[in-house]
Amino acid sequence: MTATHVPGLPVIEDGHLISTNPASGAEAGRVPVADEKAVIAAVERAREAALWWQSLGWDGRKTRLLRWRTLLVERIQELAELAELESGKPVNDGIIEVTAAVEHLDWAAKNAKRVLGPRRMRTRLLLAEHVGHLEYQPYGVVGVIGPWNYPIVTPIGPISGALAAGNAVVFKPSEYTPVVGQWLADTFAEIVPEHPVLQAVHGLGDVGGALCRSGVQKVSFTGSTATGKKVMAACAENLVPVVIEAGGKDALIVDADADVAAAAEAAVWGSMTNAGQTCIGIERVYAVESVYDKFVDAVVEKAGKLRTGQEIGPITMPKQLDIIRDHIEDALAKGGRAVLGGAGAVQAPYVSPTVLVDVPAHSSEMREETFGPTLTITKVRDADEAVQKANDSPYGLGGAVFGKKDAIRIARRLRSGMVAVNGTLTFVGMGNLPFGGVGESGFGRIHGEDGLREFARAKAITVRRARSLLPAMTFERTPAQVQQIVKALRLLYGRKP
Ligand code: NDP
């Protein structure tokens, strides 16, 4: 590294992408940059590998995926330390991230056969002589494009679903975290050395674009909404289906009967873990007036204990510091008040915990993804007003509710893909729950049954097992038989419900 390099900013030198720690500038590692030809070659290799991987069958794939899961558990410390070196994420946060990754790998491996495997369908009366079969077949090669903020669990979600379904994967990690991405591909190859079933390709955004156009049969993208739109446009050229896991501006509602101390603790963690660089991070709180003061005090007390350089790591992407500073300044300029941190909170590469109140709804801190350890708290009359304000966002990824009597009812009314009740972010840790957003947060699902089906095509087969009593789908049918069909239809479905 030369002295002119900005810590954390990836650079390309001599055909290699060099990634560095955002706080110290220490080199985390270097990986070869792929050009368009190399991406296409990787996808071609993956196409061959996918056939071999499919030939292993459900059980063969399951065993290998579970071995990879166990490798992650055995080397959890090494992986968390690598993530810290590359992104600045505190090691304990990295360990929790690996924990979620292990859960998804385990669940996908153990459930793929049940969710996607062949099954006989119930016969329908009008085609009683046919049996229906349904199965979900792999696409072939899936492209996975990942972000830097959770470089382990965000790719492992779609990778585990895609691999368990029988696909090979070509993975393009973020340019900020290529070394962690390469580690994932290398350790998978330790378990599955025979064929390149999981490969990583590296570079800047153009390499992600090349992957979309490389002949992959599905793309799973996790990253910002703006890049998600570019990925969709690139995939549209060849009608490649996509999953878009994009940004968020998640809200937490604190109802009148909430355990206020627990809500404050969860709000602080949900907004400030990983220095707030969390797609499902809590960025807005709506607290009903009867608990508002107590809640604000508890949040300030707890968040005030967090130390930059310890629980709060550096901001991984240097240019994000300007966005966080702009949002705080805009909130203060428009009449908001900082009850913790505030103006001057941004001291590169760190941002100290910032809690803002009375922030107008039209300020950038309330409308755009801040991606820093900041939290706004807004006083509301009741839960109805809280829901209306929480839903007033183009995003709709996750969310949270603290309360007792009405908490689940409120959770249902939030316009988002996931909600944690009496917790924050917890839904990301359950392998059997789908994960994904609505609106500008994207569409499609990873994790759980929906996440497995996302990486396979439904295949329907009918098998005749007897002669047709009421032949409909043939030119050989007689007018009398058509009348019989009408009669049967009246008998079966002619009565108004
Ligand atoms: P970006 O959108 O900047 O990048 C995401 C990935 O897309 C990177 O690998 C990037 O490569 C690649 N890319 C960039 N340009 C293109 C292009 N034109 N075509 C194809 N690929 C491209 O997101 P970040 O890495 O900054 O991640 C942070 C964002 O991700 C936040 O908005 C966050 O909310 C969201 N996110 C969403 C999650 C979810 O599950 N919904 C989970 C985690 C994060 P390169 O880095 O080389 O530019």
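What counts and how
Residues numbered from 1 in each chain as written. Predicted model: local features only at pLDDT ≥ 70, side-chain atom pairs only at ≥ 80, totals over all residues. Heavy atoms only, no water. UniProt positions renumbered as here; feature names shortened; annotations may be inferred. Helix = DSSP H or I, 4+ residues; strand = E, 2+ residues; numbered from the N terminus. Buried < 20%, exposed > 50% of the residue type's maximum accessible area, 1.4 Å probe, protein only. Contact = heavy atoms within 4.5 Å. Core = buried A, V, L, I, M, F, W, Y, C linked by side-chain atoms within 4.5 Å. Phe/Tyr/Trp six-rings, centres within 6.5 Å; stacked < 30°, edge-to-face > 60°. Lys NZ or Arg CZ within 6 Å of the ring centre and 35° of its normal. Pairing = 2+ DSSP bridges. Expected span 1.5 Å × (residues − 1). Polar contact = N/O pair within 3.5 Å; in protein donor to acceptor, adjacent residues only side chain to side chain. Near = heavy atom within 4 Å. Areas by Shrake-Rupley, 256 points an atom, 1.4 Å probe, with all protein chains shown as cover. Domains from an automatic or database assignment. Buried area = accessible area lost by both parts, 1.4 Å probe. Salt bridge = Lys/Arg side-chain N within 4 Å of Asp/Glu carboxyl O. 1 Å grid on protein atoms, 1.4 Å probe; cavity = no way out; pocket = protein on both sides within 12 Å on 5 of 7 lines; lining within 4 Å. Points joined across faces, edges and corners; volume = space filled by probe spheres on them. Nonpolar A, V, L, I, M, F, W, Y, C, P; charged D, E, K, R; others polar.

(A) Region of the structure containing the UniProt feature "active site" (unreviewed entry) in the chain. Residues annotated in UniProt with the feature "active site" (unreviewed entry) correspond here to E245 and C279. For the annotated residues, spread through 35 residues, the largest C-alpha to C-alpha distance comes to 9.0 Å, consistent with a single compact locus. Within the element layout of this structure, E245 appears in strand β10 (residues 242-245). Residue class for E245 comes out buried when judged on its relative accessible area of 2%. For C279, the location among the structural elements is in the loop between α9 (260-272) and β12 (282-288). The residues contacting C279, other than those within four sequence positions of it, are N149, A246, G248, D250, E369, F371, L397 and F435.

(B) Quick peek at unusual backbone geometry. Put simply, A348 and P349 share a cis peptide bond, and its omega is 5°. Structurally, the position occupied by P349 is in the loop between β14 (346-347) and β15 (350-351). You will see that L239, though not glycine, has its phi angle at about 55°, which is positive. Tracing the chain through its elements places L239 in the loop between α8 (225-236) and β10. The class of L239 is exposed, set by a relative accessible area of 75%. Residues other than glycine seldom take positive phi values, yet F371 does so here, at roughly 65°. Among the structural elements, F371 can be located in the loop between α12 (364-367) and β17 (374-380). Since its relative accessible area comes to 9%, F371 is described here as buried.

(C) Region of the structure containing the nonpolar core. Ranked by size, the top nonpolar core spans 115 residues in total, and within it W68, L72, F295 and I377 carry the most contacts. When residues in this core are grouped by element, the largest group, 11 residues, is from helix α4 (residues 91-116). Those residues in contact with F295, other than ones at most four positions away along the chain, are L252, V254, V260, A263, A264, A267, V285, A287 and I377. Among the nonpolar cores identified, the runner-up in size contains 25 residues, and A46, L211, C212 and F221 belong to it.

(D) Structural context of the packing of aromatic side chains. Enumeration according to the criterion identifies five aromatic pairs in this entry. With centroids separated by 5.9 Å and ring planes inclined at 70°, the aromatic side chains of W53 and F188 adopt a geometry described as edge-to-face. Here the residue W53 occupies a position in helix α1 (residues 36-55), and F188 occupies one in helix α6 (residues 178-191), the gap between them amounting to 135 residues. The exposure class of W53 is buried, given its relative accessible area of 0%. These aromatic residues form a ring-pair network of at least three members: W52, W53, W68 and F188. Looking at R61, its charged tip hangs above the ring of W58, at a distance of 4.9 Å from the centre. Positioned above the aromatic ring of Y150 is the side chain of K89, whose terminal nitrogen or guanidinium carbon lies 3.8 Å from the ring centre.

(E) Broad picture of the pairing of strand β5 (residues 130-138). Pairing geometry for strand β4 (residues 119-121) and β5, over three bridges, is antiparallel. Residue pairing in the sheet places M121 in a bridge with G132 of β5. Across nine bridges, the pairing between β5 and strand β23 (residues 456-464) is antiparallel. In the sheet register, H133 faces β23, and the bridge partner there is I461.

(F) Molecular detail of helix α5 (residues 153-164). The end-to-end C-alpha distance of α5, which contains 12 residues, comes to 16 Å, matching closely the 16 Å that a straight helix rising 1.5 Å per residue would cover. Of all 12 residues that make up α5, 12 are buried, and the element is covered over most of its length. Regarding α5, the residues found buried are V153, T154, P155, I156, G157, P158, I159, S160, G161, A162, L163 and A164. Residue G166 follows α5 closely and has a positive phi angle near 110°.

(G) A look at the side chain of T20. Along the chain, T20 turns up in strand β2 (residues 16-20). The exposure class assigned to T20 is buried, which follows from its relative accessible area of 1%. At 2.8 Å, the side chain of T20 and the backbone nitrogen of G8 are in polar contact.

(H) Representation of the site of the ligand. In the vicinity of the ligand, 30 residues are found, and the nearest of them are W148, E175, S224, C279 and E369. G209 is positioned with one of its backbone polar atoms (N or O) 3.3 Å from a nitrogen atom of the ligand. Protein chains shield 89% of the accessible area of the ligand, which is 900 Å² for the free molecule. Elements with a contribution of two residues or more to the shell around the ligand: α7 (205-212), β9 (218-222) and α8.

(I) Region of the structure containing the domain arrangement of the chain. Here the chain is partitioned into domain 1 (11-246 + 448-456), domain 2 (250-432) and domain 3 (467-494). Averaged C-alpha coordinates put domain 1 and domain 3 at centres separated by 49 Å. Across the contact, five residues belong to domain 1 and six residues belong to domain 3. In this assembly, domain 1 packs against domain 3 so that about 480 Å² is buried in total across both faces, 68% of it on carbon and sulfur atoms. When the area that domain 1 buries against domain 3 is broken down by residue, the three leading residues are L125, L126 and E129, summing to 81%. Inspection of the domain 1/domain 3 interface yields zero salt bridges. Taken together, domain 1 and domain 3 are joined by one residue pair in polar contact (both at pLDDT 80 or more).

(J) Spatial organisation of the layout of surface pockets. Its volume calculated, the second largest pocket comes out at about 170 Å³. L126, L127, E129, H130, R464, R467, S468, L470, P471, A472, M473 and T474 are the residues that line the second largest pocket. Residues that form the lining of the second largest pocket fall into these classes: six nonpolar, three polar and three charged. Counting contributing residues, the lining of the second largest pocket receives three or more from each of domain 1 (11-246 + 448-456) and domain 3 (467-494).

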